[in-house]
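Here is how the chains run, residue by residue.
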Amino acid sequence: MNGGTGHIDALDDHTNSSAVDGALDALAYIVHKICCEVSCKCSGGGDAHATTMGILNMLSSYSWDAKVVLTLAAFAVNFGEFWLIVQLCTSNSLAKSVALLKQLPDLLEHSPTLKPHFDALNKLINAMIDVTKCIVEFTELPSEFISIDEPPLSTAKAHIPTATYWIIWSVVACAAQITGLVGMRHEFITSTSEAWELSNLAHKVSSIHEHLQSLLGLCYQRIDEMKLLEAFEDFKRTIATPQMDNLKILLKIFRKEETCYLLNPDKTEVDLIPCSYRCLEKKHVLLLISDLDISHEEIRVLEALYKGERVSSELNYEILWLPLVDRSTWNDGYEQKFLSLKSIMSWYTVKHPFAIEPAVIKYIMEVWGFVKKPIAVTLDPQGKVLCPNALNMMWIWGNSAFPFSSEKEESFWKSEAWTLELLVDRLEPNLATWVSQQKVVCFYGGVQMEWIESFTTATKGVAKALDIGLEMVYVGKNNAKERVKKITALIKEKQLSHAWQDDNVWFFWNRLESMLYSKTQHGKTIENDVIKQEVMTMLAYDGSENGWAVFFTGSDEMVRANGEKVLSSMKSFDQWEKLAKQMGFIPALRKHLDGITDDHHCTRLILPGNGGGIPERVQCAECGRPMEMYFMYRCCVE
């Protein structure tokens, strides 16, 4: 049996070899025919168009790309040796000797004079080769991603016959030029018309190349689009298909040509490939998705959850940072920014943003809704998406929301109420003590120092008159970091009240935004949800340049107002002092505020566009009327 098989294999090899030899003989024959056609017509001073058409008729059974390749091959066979001698005769002794043997001494003697002819020849030959490569490249485009019957490929195919004609014409012209040079007639040496004609022809062929190259670029753009769409649909199917573990999902996030390396929390490389250490397998994974403008405050607050509470509560989740960047504008500055951010993150990160599969980026933006504001997509150990953005619930409830699923988020809201604890969370370390002492707690904000001084002084005066405990905390203003820093320093210097540091100010406002987005994702409206109404009111207060204040007691009595109304109420305390002594501070203040009517007010609600469900209808925090929606573009947060 083995002998028989070996005999058959040997016979197949012989057959294959014979077929190849036959094909080469056939090509050699047609190349020889073209050589003869060109040589004969050029020697006899034939018409270039007639010669070109003759060659085209000779090659009528071949494809357009084969026509040009075979014609160039024939040109190389006829004149390749001559062209090598011309190129090397001044610097290579062997080439000079060959030139003498071929009786080309006049060519060497007049080589400086003939430089324009050689330059024109060289330019035209390079242009012919460029167009030929372009034509061949069109034939190699993957048909599964681009249709020959639709632009831009159909447009290119329509231009290729003309391009082929001019390449063959150019071969004939080059052959005639070289034949003239070899003959070395005196009038040919002194004439520049031939060089000028070749230069014009080179310009025409170069223009054809530019046009075909632009169409080729459009073809590759179409192919990339189709490949992206195919990869997008593949990732979409993979996400929707139940998996044994999360590894398949994680591997598809990264480009196939990239090594699937991540950097672990201590910044050493780990490999996701199955045969290696599976660092994220069988764990809940939070895909932290952002651009390079993610704030240091956000990183520090998330780090507190990841390194502190997660470890102490033994929660089995990891974080993987996926930075989305614009490759077209990438430069050294962005590279350094990426490296800087990566160095301060205590969780898993990609080695480089370009390692992320473009189709996954498309999915992240179109399906998971990433625009600008960071999101964290939760994958369970089997790779199932539990929540398209877990950051909202992480900011609101911390690690107690683990495993950060949409169901867990909804269950939390069912048992939640608008309380002092929900508003402040753990941001104020003294809160429990103040509540136990039954003090009134006032949180206020704004960036007008004159109002802050007037308000804190007047409010302290009211508390003293009523003989009640009062604690005041300045919570700053969202996206006004530098101004808040200056005001915080003045508040502490003048001992006006307590004041939070940068991270707490950022976290306070970010939690409020997270509450709004979380409520919106779960279909809550201001008409049917008190918490959403209060959150939007607080954010609307912050949208103005004026101050605001909210008062709480441990019994969760609450009253709030904008800066102008609350300050005027404190200054006119004598009008409701008696009522305050009867009803208590907060009920009396609320009744007094309800009696104040504004002739005019202007309320703004500024929300970052993050694709997380911006409410279409918003009521004014002051009068309850629907607010108009505008678009605002900001390049900085100050």
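Our subject is the structure that appears above.
Residues numbered from 1 in each chain as written. Predicted model: local features only at pLDDT ≥ 70, side-chain atom pairs only at ≥ 80, totals over all residues. Heavy atoms only, no water.

1. Let's talk about the sheet that holds strand 8 (residues 440-445)
Sheets are built from strands paired through backbone hydrogen bonds, the pairs being either parallel or antiparallel.
Moving on, step 1. As summarised here, the arrangement of the 5 strands in space is 10-9-8-11-12, forming an open sheet in which the pairing is mixed. The open sheet terminates on both sides in strands that have one partner only, identified here as strand 10 (498-499) and strand 12 (558-562).
Moving on, step 2. The strands that helix 24 (residues 585-594) touches are strand 8, strand 11 (548-552) and strand 12; relative to strand 12, the one it contacts most, it runs at about 40°. (Pairing = 2+ DSSP bridges. Helix = DSSP H or I, 4+ residues; strand = E, 2+ residues; numbered from the N terminus. Contact = heavy atoms within 4.5 Å. Axes fitted to C-alpha atoms, helices over the stretch in contact; angles between N-to-C directions.)

2. With respect to the nonpolar core
Moving on, step 1. Counting residues in hydrophobic clusters, the biggest one holds 128 residues, and the most contacted among them are Leu287, Trp418, Phe455 and Phe551.
Moving on, step 2. When residues of this core are assigned to domains, at least three fall in each of domain 2 (246-415) and domain 3 (420-637).
Moving on, step 3. Other than its neighbours up to four places away in sequence, Leu287 contacts Leu250, Ile253, Leu320, Leu322, Trp368, Ile375, Ala376, Val377 and Leu379.
Moving on, step 4. Val31, Met128, Ile168 and Ala175 belong to the second largest nonpolar core, which has 57 residues in total. (Core = buried A, V, L, I, M, F, W, Y, C linked by side-chain atoms within 4.5 Å. Buried < 20%, exposed > 50% of the residue type's maximum accessible area, 1.4 Å probe, protein only. Domains from an automatic or database assignment.)

3. Comments concerning helix 2 (residues 48-58)
Residues spaced three or four apart along an α-helix face the same direction, because each turn holds 3.6 residues.
Moving on, step 1. Along helix 2, the residues that are buried comprise Ala48, Thr51, Thr52, Ile55 and Leu56. Mapping the buried residues of helix 2 onto a view down its axis gives an arc of 135°, with all of them on the same face.
Moving on, step 2. Structurally, the start of helix 2 carries an N-cap: the backbone nitrogen of His49 is 3.3 Å from a side-chain oxygen of Asp47. (Arc of directions from axis to C-beta. Polar contact = N/O pair within 3.5 Å; in protein donor to acceptor, adjacent residues only side chain to side chain.)

4. Points about the pattern of salt bridges
Where charged atoms from two side chains of opposite charge approach closely, those side chains can pair.
Moving on, step 1. In the structure shown here, the tally under the stated rule is 17 salt bridges.
Moving on, step 2. The salt bridge partner of Asp234 is Arg237, with a shortest N-O separation of 3.8 Å. Taken together, the residues span about one helical turn, with Asp234 and Arg237 both in helix 9 (residues 193-240) at a distance of 3 residues.
Moving on, step 3. According to the relative accessible area criterion, Asp234 is partly exposed, its value standing at 27%.
Moving on, step 4. Since its relative accessible area comes to 48%, Arg237 is described here as partly exposed.
Moving on, step 5. The network of salt bridges with common partners includes Asp291, Asp293, Lys337 and Lys372. (Salt bridge = Lys/Arg side-chain N within 4 Å of Asp/Glu carboxyl O.)

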